[in-house]
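Below, each chain spelled out in residue letters.
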Amino acid sequence: MKRMRIGIIDVLYDMPPSNGGYQIYRNQLRRQFVSIMPQVISVWCRRMGHDVHYATYYGQAEPHTLLPDDLDILFVSSYTQASALAYALARIFGARGTRTVIGGPHARAFPADCQRFFDLVVGNCDETVIRDILAGHYAPGSIIDTGRTLTEIPSVEERMPELRATTLSARFAVLRVVPLLSSMGCPYTCNFCSDATSTYHAVGSEILKKDLQYIADNIPGAYVVYHDPNFGVRFDETMAAIESLPPKQRPAYGVQSTLSVLKEERVRRLADTGCLYIAPGVESWSDFSNKSGKVRATGRDKMEQVVGHFEMMRRHVPGFQVNFVFGTDADQGRAPVELTSEFIRRVPYAWPGISIPTPFGDTGIFTEYLEQNRVLTQMPFALYYKPYLNFIPLHYGAMEYYESLMEILSSIVSLRGALSRLTTRNLLRIKGIHMVQLTGVYHDLRRVRELYRLLKGDALLRRFHEGLPMKLPAVYEARTWERLGRYAELFQLADLIPDLINTSCKRVSSPASVNVEVATSSLGVA
Ligand code: SF4
């Protein structure tokens, strides 16, 4: 195979470049959110002897300027909220004759929509798939999926050029982040989560040990962020690998895990091995209690037990984030709002991450909501993020929903909340990160208030949120164009209205075997 010029870009931000106060956020936090798979593909392409250009976009410059103009192939990784920028890259590089390939969360969630812009769409892949793509073995229009999660990825040592280009290059960075995996997939089946459909695999402990030893020897001050959807499912095996390093050599690290995994003796073991940050998901006070380890508890009982669990964990580990999803079908009335607000007040040392259920194409709620006509099908993917509602909540009208969300967000930014977060016993670095996150919540709250005001004064907008078939309201169209900046001229509005129907068909007819191509024309056939 001839030596090819290959570009790989990980789109981490969903807006045109910006300066001002945002610079601190993007340099300290946003640029750290790199995905591992684009780095893996970069390593594989380099192993095959190609000329590889890897970049991440976090708002620093127009994304198409971050790569050379004359690429043979461009791989783009994007999440759904940033997909309009990914589509713009496909248009720009496609017009230059570059073959364009999309992977990552958006490609897995909405492959049929991606197919409208990219030559190839890749879900789960492996080195053989990438080799075949480079060799031109897939026809334009193919959706490629091995149907299984990867079990092994290139070592940290092999990923060093990519790490040096991203997380390890930040000047004056608070953290020198090394993203790592000790497992892939998750055994739980939360219906709002894209990881619920992936098979769980632990990374071999010898591989993990080797990576950790390399980090200890070569990356001073590294902070390992485990990207496992659910760290520690095979707890003893993973911890044995971490404990194989002498205590002084173990890099500090952070994990996201379920409360059911985080029993006291385990939390102590995490702390003893350098764990500084844990991010468990509580999600809802009325559902998902099995993963919180509170199988029968709901409502206030569950809240009291979770507060107790955090008090226990705090005796050992300094930093926490706790994740909630507000507006699942289990949520109704005032109870979720009051319990979440109370929890936020009582546990000020844990950063509260509040999200809105979003019907991504590879989640259980997508199929459910679509069947129940509860997906707002006209909403562009650029607005698939908080505070935009892309579905009709079962127990709340849009205005009531936003009133409740305002109350929850207000409890985070209240003076009392901010002060107790500042004065709580915590590492200075963690407090600093929580303060940067606080500015994001102020911003969210402003947008929720604005949407609430718009809904109050616009009956047609309210009808849109009740599911009345109509074209996209002007306010959402304007927001979508804003998010594209100069790239807006590449699109008509119709380009940005999602193709959800074919995504739904693709899910039904999705191949389970390895390296199967699904041609465009067969997508509608269940
Ligand atoms: S436990 Fe976490 S990672 Fe696993 S399916 Fe539920 S939300 Fe997703």
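All of these numbers come straight from a predicted model, not from anything done at the bench.

Participant: Which residues make up helix 3 (residues 83-95), and what values do they have?
Facilitator: An ideal rise of 1.5 Å per residue puts 18 Å on 13 residues; helix 3 measures up with 18 Å between its terminal C-alpha atoms. Of all 13 residues that make up helix 3, ten are buried, and the element is covered over most of its length. Residues of helix 3 that are buried include every one of Ser83, Ala84, Leu85, Ala86, Tyr87, Ala88, Leu89, Ala90, Ile92 and Phe93, and no others. Just past helix 3, the residue glycine 97 takes up positive phi, approximately 95 degrees.

Participant: Give a description of the sheet that holds strand 11 (residues 252-257) that names residues and reports values.
Facilitator: With respect to topology, six strands assemble into an open sheet ordered 7-10-11-12-13-14, the strand pairing being parallel. Edge positions in the open sheet fall to strand 7 (176-180) and strand 14 (350-355), since each of these has one partner strand only. Taken over all neighbouring pairs, the strand axes of this sheet differ in orientation by 20 degrees on average, direction set aside. When strand 10 (residues 222-226) meets strand 11, the two strands line up parallel, connected through three bridges. By the bridge assignment, valine 225 is partnered in strand 11 with glycine 254.

Participant: Before we move on, could you go through the pattern of salt bridges and cite the residues and values that matter?
Facilitator: Considering all chains together, one arrives at 29 salt bridges under this definition. A salt bridge links arginine 269 to glutamate 243, with the nearest nitrogen and oxygen atoms 2.8 Å apart. Placement of arginine 269 in helix 10 (residues 264-272) and of glutamate 243 in helix 9 (residues 235-243) is noted, with a sequence separation of 26 residues between them. On the basis of relative accessible area, arginine 269 is assigned to the partly exposed category, the value being 24%. Bridged by salt links that share partners, the residues Arg300, Glu304, Glu342 and Arg346 form one connected network.

Participant: Give me the lowdown on the nonpolar core, citing residues and values where you can.
Facilitator: Formed by 133 residues in total, the largest nonpolar core has its most connected members in Tyr226, Tyr253, Phe310, Phe343 and Tyr476. Once you skip the residues sitting within four places of it in the chain, tyrosine 476 turns out to touch Met379, Leu383, Tyr388, Leu451, Leu461, Phe464 and His465.

Participant: Which residues make up empty space enclosed by the protein, and what values do they have?
Facilitator: Where empty space is left becomes clear once a probe the size of a water molecule has been rolled over the atoms. Taken as a whole and judged by the stated rule, the model has four cavities of 30 Å³ or more. Counted as a void, the largest cavity has a volume near 60 Å³. If you trace the largest cavity, you find it lined by Glu283, Ser284, Trp285, Phe324, Val325, Phe326, Asp331, Pro336, Thr340, Ile354 and Ile408. When grouped by side-chain class, the residues that make up the lining of the largest cavity number seven nonpolar, two polar and two charged. Looking at the second largest cavity, the residues that line it are Ser83, Ala84, Tyr87, Asp113, Arg116, Pro380, Phe381, Ala382, Asp495 and Leu496. At the level of secondary structure, the elements contributing two or more residues to the lining of the second largest cavity comprise helix 3 and helix 19 (493-496). No other element matches helix 3, which puts three residues into the lining of the second largest cavity.

How each quantity is defined
- Residues numbered from 1 in each chain as written.
- Predicted model: local features only at pLDDT ≥ 70, side-chain atom pairs only at ≥ 80, totals over all residues.
- Heavy atoms only, no water.
- Helix = DSSP H or I, 4+ residues; strand = E, 2+ residues; numbered from the N terminus.
- Expected span 1.5 Å × (residues − 1).
- Buried < 20%, exposed > 50% of the residue type's maximum accessible area, 1.4 Å probe, protein only.
- Pairing = 2+ DSSP bridges.
- Axes fitted to C-alpha atoms, helices over the stretch in contact; angles between N-to-C directions.
- Salt bridge = Lys/Arg side-chain N within 4 Å of Asp/Glu carboxyl O.
- Core = buried A, V, L, I, M, F, W, Y, C linked by side-chain atoms within 4.5 Å.
- Contact = heavy atoms within 4.5 Å.
- 1 Å grid on protein atoms, 1.4 Å probe; cavity = no way out; pocket = protein on both sides within 12 Å on 5 of 7 lines; lining within 4 Å.
- Points joined across faces, edges and corners; volume = space filled by probe spheres on them.
- Nonpolar A, V, L, I, M, F, W, Y, C, P; charged D, E, K, R; others polar.

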